[in-house]
Amino acid sequence: MRHRTLAWTLVVLATACGGDANEESLETVEAPAGGPPYRVLVEVDRMQGAPPIRFEQELGGARVSLADIFGAADVHLRIVEDEDDLPGGPTIRLADLHGLMTGHSGVAPEPGEWKVHVLVVTLDPDDDQTLGIMFDVADNDDNDVPREAFAVFATAHGDLAAARDPEMLLTTAHELAHAFNVHHTDWEGSDFYDDATIESYSSAGTVRWSLSRQSLDHFANHHPLEVQPGSGGLPFGAVLQAHLGAHQSYPGESYELADPSRLAMRRGSEAGGRVSLRRGITGADLGRHRVELLPAAHPLRLRLHAPKARYELGEPVVLTVELHNAGEARQEVVPLLNPEYGFLAVHVRLPGRDEFRPYRPPVLREARQRAAPLLAGSEALYAEAKVFFGASGWTFQEPGEYLVLADYPSSADPESPRITSDTLRIVVRPPTTPSGRRAVETLRTDGRLGLQQGLFLYLEGGDHLEVGKASLEEVVAEAPDAPQAAGARLALARAALHPTLDPNRRTAPDVDAALRYVADLEGADLPPLTLMRIQGEIARALEASGRPGEARLLRSRTVESVDRRAIPWMDRSAVMEEIE
């Protein structure tokens, strides 16, 4: 098999998450009835120092424009470039992006227009290969707005094969298609990586600058609420049977099948029958969507690890995902284990239910043209999976026994068999102590675990999520012995190190507050990668503040904690890399 690179670009679907100050600028726009033509306002805001997107270019001797690509689908774009001085910083985190997206959507659509918001930023939250990032937490926001915005990371495009400007235009076209609920499996062409339409993973040098016939049919004939970005539209990946039936068989992705009779209901309501599109998970006859599973004798192993088997309601359940090569020969693998990238599919069976349903993360990441590495014998890759919170809110909303399993491609070939994990059993019990009951009540809003609280824990910060932050601070202060307090301390520690970017509020990092939050975590059964990553960040902040002795002490305590836990499945070199 010839070498492939992983073509994932990225979006951010921005939504207001409980921010009262933003209600006036986030209007509900009714969907045009009866299908296209659709009129769409595209508001573009840029961070300080970020280059503009060139929406029209001469490429390969032909004129290519964003307006023409979508005009072919009778979608008429009105592009308004608004702010060009959004605040920046040395790093951009998920919490920063969410705050910028909810606070800077300032151009109002005209009557009958839909709206999509685009952010152009200079840095990414993880590495210089990530091109964008997408939130799909619209179920959870007060204004109920799905698929409304995306972000493009300009810096990461500079090293791509076709140069920055064409690649940024492709990222924008690709992610704007996602905003209309178009998927990677809607692609058309001769090769998914090298010669296909904008829904694919082709580079700007090989892409077909057009929408596929499946996507054109989506705009022309599918229900407007399946297409519509903004209030009332279906979540990303929720489709009707006609759209699902037109999808390509790969890349393997999970979708939710929506009940057409209930499209007018709000996203927080039950949308009728939903199925996981994974053969061997539900046992359903999915025809062309059948997924071939890897033979048991293959050396690659996929494992899910939990710090403990029993949790109290309101504790964040964070799993460690391990991809292990148990053989001697090197194996080409997809390096994107985090479920946010879409390669790892996680499935959860709730108490009293008969089938597994797909876990939909609140953040969708993509990284186009990332090379697939070779995993040596006995080596492993690790990632965190924050399965406690997803696009529909808290996963573990009630006590009971939950089953979790996952599957993953065995190589970068999109048609390769998938590896399946063993089933992990997670028991969630009601709080058993007064402090635990106090913590759960503090985390609840309207009788359910609060959405802002869960999102703050997931993002590990978000000063704009005032209700969520205050609730977690109250848990730590008023119920410090509750099991729920340990996860709250970790999130608050990272938030103290990285105040959310806000042009109206400049808050300095508080390393002492971060130290106080992690001081009482000795002995807590916490996800090891999360704990080591945050303690490593605190150590580096101490060194930057001229306090190397305290940094050495914190690192020493972290190593002792890892050794004491004696995690037999984890490579110690990977542990030390996180700490350093």
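Details of the structure are given in the entry above.
This one's a predicted model, so the numbers in the text were calculated from it and none came from an experiment.

(A) Expanded view of the overall build of the chain. Secondary structure summary: the chain contains 14 helices and 29 strands in total. Expressed as a percentage of the 580 residues in the chain, the buried residues total 60%. Residue pairs in contact within the chain that sit at least 24 positions apart in sequence constitute 75% of those at least 6 positions apart. Accessible surface, the chain as shown: approximately 22,200 Å² in total, 48% of it carbon and sulfur.

(B) Geometry of the sheet that holds strand E5 (residues 75–81). If you trace the 6 strands from one edge of the open sheet to the other, you get E5-E2-E6-E8-E7-E19, paired in mixed fashion. Only two strands of the sheet have a single partner each, and these edge strands are E5 and strand E19 (363–366). Each adjacent strand pair in this sheet contributes to an overall mean axis angle of 20°, direction not counted. Two strands pair when backbone bridges link them, and strand E2 (residues 38–46) and E5 are joined in this way by 7 bridges, in the parallel orientation. Opposite Val42, over in E5, you have Ile79 as the bridge partner. Strand contacts of helix H3 (residues 164–179): E5, strand E6 (113–121), strand E8 (149–153) and E19, with the helix running at about 160° to E8, the strand carrying the most contacts.

(C) How the structure looks around the packing of helix H7 (residues 434–443) against helix H9 (residues 466–478). Interhelical geometry of H7 versus H9 gives an angle of 170° and a closest axis separation of 9 Å. Viewed along their axes, H7 and H9 adopt a mutual orientation that is roughly antiparallel. For the pair H7 and H9, the crossing hand works out as right-handed. Facing Arg438, Ala439, Thr442 and Leu443 of H7, the residues of H9 in contact are Ser471, Leu472, Glu474, Val475 and Glu478. A per-class count over the contact of H7 with H9 returns 4 nonpolar, 2 polar and 3 charged.

(D) Structural context of the environment of Ala495. For Ala495, the location among the structural elements is in helix H10 (residues 484–497). Ignoring any residue separated from it by four or fewer positions in sequence, one finds Ala495 in contact with Phe456, Glu460 and Gly461.

(E) Local environment of the nonpolar core. In this structure, Phe70, Phe219 and Ile538 are the most contacted members of the largest nonpolar core, which totals 136 residues. Residue contributions to this core peak at 10 residues, all from H10. Contacts of Ile538, omitting those with residues within four sequence positions, involve Leu497, Val511, Ala514, Leu515, Val518 and Leu554. If you look at the next biggest cluster of nonpolar residues, it comprises 6 residues, including Trp187, Phe192, Ala196 and Tyr201.

(F) Geometry of the environment of Gln214. As for its placement among the helices and strands, Gln214 is situated in helix H4 (residues 213–221). A C-alpha to C-alpha distance of 7.9 Å links Gln214 and Glu188, two positions 26 residues apart in sequence. Here Gln214 is in contact with Asp186, Trp187, Glu188, Ala246 and Gln248, once residues within four sequence places are set aside.

(G) Highlighting unusual backbone geometry. Pro37 follows Pro36 through a cis peptide bond whose omega is 10°. Topologically, Pro37 is positioned in the loop between strand E1 (5–6) and E2. Even without a glycine there, the phi angle at Asp74 is positive, about 65°. For Asp74, a relative accessible area of 31% puts it in the partly exposed group.

(H) Structural context of the sheet that holds strand E15 (residues 319–325). Spatial ordering of the open sheet is given by E13-E15-E22, a layout of 3 strands whose pairing is antiparallel. A single partner strand is all that each edge strand has here, and the edge strands are strand E13 (300–305) and strand E22 (380–385). Averaged over all pairs of adjacent strands, the angle between their axes in this sheet comes to 15°, without regard to strand direction. Where E13 and E15 come together, 6 bridges link them in antiparallel fashion. When the bridges of E15 are listed, Arg301 appears paired with His324.

(I) Here's a closer look at empty space enclosed by the protein. As enumerated under the stated definition, the model contains 7 cavities of 30 Å³ or more in all. Taken as a whole, the largest cavity encloses approximately 440 Å³ of empty space. Taken together, 27 residues line the largest cavity, and the ones lying closest to its centre are Phe236, Ser254, Gly342, Pro361 and Leu364. When residues of the lining of the largest cavity are traced back to their parent elements, those giving at least two are strand E17 (345–349) and E19. Of all the elements, E19 adds the most residues to the lining of the largest cavity, at 3 residues. A per-class count over the lining of the largest cavity returns 14 nonpolar, 5 polar and 8 charged.

Cut-offs applied
For every chain, the first residue of the written sequence is number 1, and numbering continues from 1 onward in sequence order. Under the rules for a predicted model, residues below a pLDDT of 70 receive no local features and side-chain atom pairs below 80 are neither given nor counted, while totals for whole chains, interfaces and linings still include all residues. Side-chain metrics rest on all non-hydrogen atoms present in the structure, leaving aside hydrogens and water. Comment: elements are numbered from the N terminus, with helices defined as DSSP H or I runs of at least four residues and strands as E runs of at least two. Burial classes follow relative accessibility: with a 1.4 Å probe on protein chains only, a residue under 20% of its type's maximum area counts as buried, one over 50% as exposed, and anything between as partly exposed. The contact definition used throughout considers only heavy atoms, calling two residues in contact when any of these lie within 4.5 Å. Each accessible area is a Shrake-Rupley estimate made with a 1.4 Å probe; only the visible protein chains count as cover when residues are assessed. A pair of strands counts as paired when DSSP detects no fewer than two bridges linking them. Lines are fitted to the C-alpha atoms to define the axes, a helix being fitted only along its stretch in contact, and any angle between axes, read from their N-to-C directions, falls within 0 to 180 degrees. Here is the rule for angles: anything less than 35 degrees is roughly parallel, anything more than 145 is roughly antiparallel, 65 through 115 is roughly perpendicular, and the remaining ranges are oblique. Crossings are sorted by hand: turned counterclockwise from the far helix by less than a right angle, the near helix makes the crossing left-handed, and turned clockwise it makes it right-handed. Put simply, Ala, Val, Leu, Ile, Met, Phe, Trp, Tyr, Cys and Pro go in the nonpolar bin, Asp, Glu, Lys and Arg in the charged bin, and everything else, Gly too, in the polar bin. Here, the term nonpolar core denotes a set of buried Ala, Val, Leu, Ile, Met, Phe, Trp, Tyr and Cys residues that are joined through side-chain atoms within 4.5 Å. Think of a 1 Å grid over just the protein atoms. A cavity is a set of points where a 1.4 Å probe fits yet cannot get out, a pocket is an open set with protein on both sides within 12 Å along at least five of seven lines, and lining residues have an atom within 4 Å of a point. Grid points are joined across faces, edges and corners, and a volume is the space filled by probe spheres set on the points.

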